[in-house]
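# Report on the structure
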Amino acid sequence: MQVQRQYANQTLNHAQSNKKLPLSKGQIVKGTIEQLHLDQIATIKMGHNRVTAKLEVPVEKGKSYVFEVISSGDIPELKMVEQQAVKHDAPLGALLKKMALPVTKEAEQLLRQLLAENIPVKPQQFKVALDIYKAQPQPEVKNALMSMIKHQLPLSSETVASFSRVITESTAMLVDQLMQALTNMAPSEKLAQLIDQLSMIKTPITSPNETTPSLTDRQIEQVMTLFNQKGLSIDHTTNIPKAVEQLLKSQMGLNEQTAQQLKQWVSLERLPLNQQERQTFLNQNHAQIKEVFPQVNVSDINNEALVSKEIIQATVAKVSNEKLMLIEKSPTEQMLGTEKLQTFLRENPSIYQKVSQQLTGNNQQLLKQFIESPNGETSQNIQQLLRQLFDRQLTQTDFKTLTPLVKETQLLQTLPVEHQFLVGVKDFLLRSGLTYEQQLMDGSEQGGTLKQLLLDVQQSSQTKIPALDQLIQSLTDQQLSIVRQDEHFIHYGIALPMTTGEEQEVYLDMYGQKRESGELDPNYCHIAFYLTLGSLGETIVDMAIQNRLIQVTVINNQEVSALLEPLKPQLKEGLARMDYQLTSIHHRPFKDKEPTVTHNEMYQATITDQKRWDVRA
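Here's a quick rundown of the structure. (Residues numbered from 1 in each chain as written. Predicted model: local features only at pLDDT ≥ 70, side-chain atom pairs only at ≥ 80, totals over all residues. Heavy atoms only, no water.)

Before going further, it helps to examine the overall build of the chain. Broken down by element type, the chain carries 28 helices and 18 strands. Looking at the chain residue by residue over its 617 residues, the buried ones come to 49%. The contacts of the chain with a sequence gap of at least 6 include a subset with a gap of at least 24, amounting to 62%. Put simply, the chain shows about 30700 Å² of open surface, and 50% of that area lies on carbon and sulfur atoms. (Helix = DSSP H or I, 4+ residues; strand = E, 2+ residues; numbered from the N terminus. Buried < 20%, exposed > 50% of the residue type's maximum accessible area, 1.4 Å probe, protein only. Contact = heavy atoms within 4.5 Å. Areas by Shrake-Rupley, 256 points an atom, 1.4 Å probe, with all protein chains shown as cover.)

Pasting the structure below:
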């Protein structure tokens, strides 16, 4: 996919001046004096950042100096390492000696680029980077080191090799190459599982069609089971594409822990707590336990407290609550739950907005009354609606069941484009194994992810399969670069094998401020989609979000303004439902004579190129 490198360098620079450069004690960094204040306080420009700091000695406005960070905080204290202004081509031997570092050609090259790009670095960190660079003095290795130092990532030969590796082909293309290579291998169970995973990893995004896909009895039964678990009654006469669309539309993007907590607070029943209640549950739910554990004799586990607790938890997780006899909450327990829910929604306005947008106008008013005054009457008015809504939130297990179904049966192509995109993102993240190593450390179930199967086939194969090794390495590279963060900001960047008519994948880039919890703040972020569209060609959709106000810019060399205008009311209305306000949507072409780069070069640039998107909106 071709994009404009100069666009990546320029379009978001307006937001960079607002970001806060994280400084820590001991770092060396170059800055230009922009403004002098009283009491030795100065505003110092460091690249696209501005830092207000206290200095030890007088300086001259407009001159550049090299500083050492003595203390950090709201107003960091800086000490000049060089007592005179630093010129672009000045020798750096004296500075290296002051840092207790060897004066070599490689050391000067590395330090000069760090200073030129205003990247803070500690002497010990620089020494490790220098050892790696001396062993591999290639430009791509130096660029990888720049990126990793800037984002405070741990340095080692292995991680730098992954960052500096040129990604010559997309995940989608590597999958196609591997599928071709596997046709010559001897059949095995693991190989069959791998081929199944590879055949499903790509997600085609198309204009929705009205054709009703034909589902087998088994597939219909799977859909019905999932919907019944969510409290939605469907049968063989139900319009399944519409039902799936409505289920996806009700999703609020909650993590599983939050969704489970919300369900518990509004539920009229709870899990058994003590041994007596557990025995009652086991006695009343024989058939349901047998459904999940056909080999278990319930009478044998009544007196095994730990075992019965685990079996109850597993049964509740896999069987619809409507089929179970749980313990009814007392009025006091119910009221305590609603008070916790009210406090949670008040403290998390973004989730409150997600809940509210799922309700009709009158019910939105009831929810507002409940938030303002959580008494028995207001909670009773809204509780049933919230129970239904929270029950419909899909867990990772639910998505693992639903996404293969909608892709295998062509249900996917009947859904609106935004829901096709949601399914594609969820499916790739769950199926690819990008969290494979973390799950191994946590002892979590792997469930036959793509990376696990690739490693299994690699280990069992008697011959080397280059395409398989390349795909494993591609997934590993994505694991290393998908999330980067510092004290205040976070960046997500991922290539998704979701095709849009061309055999090109979508690249998604997100930058934004961090909340105290460490999560991306949806009120302040920047999102860019890199696309190759069948009739429009190279396209970038750029969304700038500031205090929930959204500016959209579509960059394409064709005149598409007339196509955008009819979409504006629908986009504005959809964003309003999510408590966002569209302030503008406009088109501009790529700038003339800008050098184009392939999507793969742009993907690599997000890992290594410091003159890339480095926006903290």
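This is not the end of the story, as more comes after the structure.
We now examine the nonpolar core. Leu 178, Leu 194 and Leu 454 are the most contacted members of the largest nonpolar core, which totals 45 residues. When sequence neighbours within four positions are dropped, the list of residues in contact with Leu 454 reads Leu 178, Leu 194, Leu 468, Leu 471, Ile 472 and Leu 475. (Core = buried A, V, L, I, M, F, W, Y, C linked by side-chain atoms within 4.5 Å.)

Once that is clear, we can look at the pattern of salt bridges. Taken as a whole and judged by the stated rule, the model has 13 salt bridges. The partner of Asp 456 in a salt bridge is Lys 190, and the shortest N-O contact between them spans 3.3 Å. One end of the pair, Asp 456, is in helix H24 (residues 450-460); the other, Lys 190, is in helix H9 (residues 189-201), with 266 residues separating them in the sequence. Look at Lys 190 and you get partly exposed, because its relative accessible area is 36%. In this structure, Lys 263 engages Asp 391 in a salt bridge whose closest nitrogen and oxygen atoms are separated by 3.9 Å. With Lys 263 in helix H12 (residues 256-266) and Asp 391 in helix H20 (residues 376-391), the pair connects residues that are 128 residues apart, well separated along the chain. (Salt bridge = Lys/Arg side-chain N within 4 Å of Asp/Glu carboxyl O.)

In this section: the side chain of Thr 338. With respect to the element layout, Thr 338 can be found in helix H17 (residues 331-347). In this structure Thr 338 comes out as buried when scored by relative accessible area, which is 3%. Beyond its immediate stretch of four places on either side in the chain, Thr 338 contacts Trp 265, Phe 370, Ser 379 and Gln 383.

Moving on to the packing of aromatic side chains. Applying the stated criterion to the full structure yields three aromatic pairs. With a centroid separation of 6.2 Å and an interplanar angle of 55°, the aromatic rings of Tyr 65 and Phe 67 are classed as tilted. Since its relative accessible area comes to 0%, Phe 67 is described here as buried. For the ring pair Phe 421 and Phe 529, a centre distance of 5.8 Å and an interplane angle of 75° mean the geometry is edge-to-face. Pair noted here: Phe 421 is in helix H22 (residues 417-432) and Phe 529 is in strand S14 (residues 520-533), with a separation of 108 residues, a long-range link. Here the basic side chain of Arg 548 rests over the ring of Tyr 580, its NZ or CZ set 4.1 Å away from the ring centre. (Phe/Tyr/Trp six-rings, centres within 6.5 Å; stacked < 30°, edge-to-face > 60°. Lys NZ or Arg CZ within 6 Å of the ring centre and 35° of its normal.)

So, on to the environment of Asn 557. Position of Asn 557 among the secondary structure elements: in the loop between strand S16 (549-555) and helix H26 (561-564). Using a relative accessible area of 54% as the deciding quantity, one classes Asn 557 as exposed. Excluding residues that lie within four positions of it along the chain, Asn 557 makes contacts with Pro 589 and Phe 590.

Topologically, His 586 is positioned in strand S17 (residues 581-588). Sequence separation between His 586 and Val 554 is 32 residues; the distance between their C-alpha atoms is 6.3 Å. Apart from residues no more than four positions distant in its own chain, His 586 is found in contact with Val 552, Thr 553, Val 554 and Leu 564.

Put simply, helix H11 (residues 240-249) and H22 touch, their axes get as near as 11 Å, and they point 70° apart. In terms of orientation, H11 lies roughly perpendicular with respect to H22. Across from Glu 245, Leu 248 and Lys 249 in H11, the residues of H22 making contact are His 419, Leu 422 and Val 423. Class assignment of the residues belonging to the contact of H11 with H22 gives a composition of three nonpolar, one polar and two charged. (Axes fitted to C-alpha atoms, helices over the stretch in contact; angles between N-to-C directions. Parallel < 35°, antiparallel > 145°, perpendicular 65-115°, else oblique. Nonpolar A, V, L, I, M, F, W, Y, C, P; charged D, E, K, R; others polar.)

Looking now at the side chain of Thr 258. With respect to the element layout, Thr 258 can be found in helix H12. Here Thr 258 falls in the buried class, since its relative accessible area comes to 18%. Residues in contact with Thr 258, not counting those within four places in the same chain, are Phe 344 and Ile 351.

Now for the pairing of strand S3 (residues 41-46). In terms of residue burial, S3 counts as a mostly covered element, since five of its six residues are buried. Both strand S2 (residues 28-36) and S3 contribute to a ladder of four bridges, which runs antiparallel. Residue Leu 36 lies in a different strand from S3, and its bridge partner there is Ala 42. (Pairing = 2+ DSSP bridges.)

Taking 1.5 Å of rise per residue, the 13 residues of helix H5 (residues 123-135) would be expected to cover 18 Å, and the 19 Å separating its terminal C-alpha atoms lies within 8% of that figure. For H5, every residue scored as buried is listed here: Gln 125, Phe 126, Ala 129, Leu 130, Ile 132 and Tyr 133. Around the axis of H5, the buried residues are gathered within 165° of arc, so they sit on the same side. Facing away from the buried side of H5 by over 90 degrees, the exposed positions are Gln 124 and Ala 135. (Expected span 1.5 Å × (residues − 1). Arc of directions from axis to C-beta.)

A few words on the sheet that holds S2. Whether parallel or antiparallel, the strands of a sheet pair through hydrogen bonds between backbone atoms. Strands sit in the order S2-S3-S4-S6-S5 around a closed barrel of five strands; the barrel is mixed. Strand-to-strand, the axes of this sheet are offset by a mean angle of 60°, without reference to chain direction.

Next up on the list: H17. Over its 17 residues, H17 extends 24 Å from the first C-alpha to the last, a length consistent with the 24 Å expected when each residue adds 1.5 Å. For H17, every residue scored as buried is listed here: Gly 337, Thr 338, Leu 341, Gln 342, Phe 344 and Leu 345. The buried residues of H17 all sit within an arc of 165° when viewed along its axis, so they share a single face. In H17, the exposed positions that point more than 90 degrees away from the buried face belong to Thr 332, Arg 346 and Glu 347. The inward-facing, buried residues of H17 contact H12, helix H18 (349-357), helix H19 (361-372) and H20.

Our focus in this paragraph is the packing of H12 against H17. Interhelical geometry of H12 versus H17 gives an angle of 140° and a closest axis separation of 7 Å. The orientation of H12 relative to H17 falls into the category oblique. Once H12 is placed against H17, the crossing between them reads as left-handed. Contacts between H12 and H17 involve Thr 258, Leu 262, Trp 265 and Val 266 from the former and Gly 337, Thr 338, Lys 340, Leu 341 and Phe 344 from the latter. (Left-handed = near helix turned anticlockwise from the far one by under 90°.)

Tracing the backbone through its elements, the reader meets Leu 567 in the loop between H26 and helix H27 (568-577). Taking the C-alpha atoms as reference points, Leu 567 and Ile 585, 18 residues apart in sequence, are found 9.7 Å from one another.

Now for unusual backbone geometry. Its identity as a non-glycine residue notwithstanding, Asp 39 has a phi of 60°, on the positive side. Assignment of secondary structure puts Asp 39 in the loop between S2 and S3. In the Ramachandran plot, Arg 548 falls in the positive-phi region, its phi being about 70° despite a non-glycine side chain. By the element assignment, Arg 548 lies in the loop between strand S15 (537-546) and S16.

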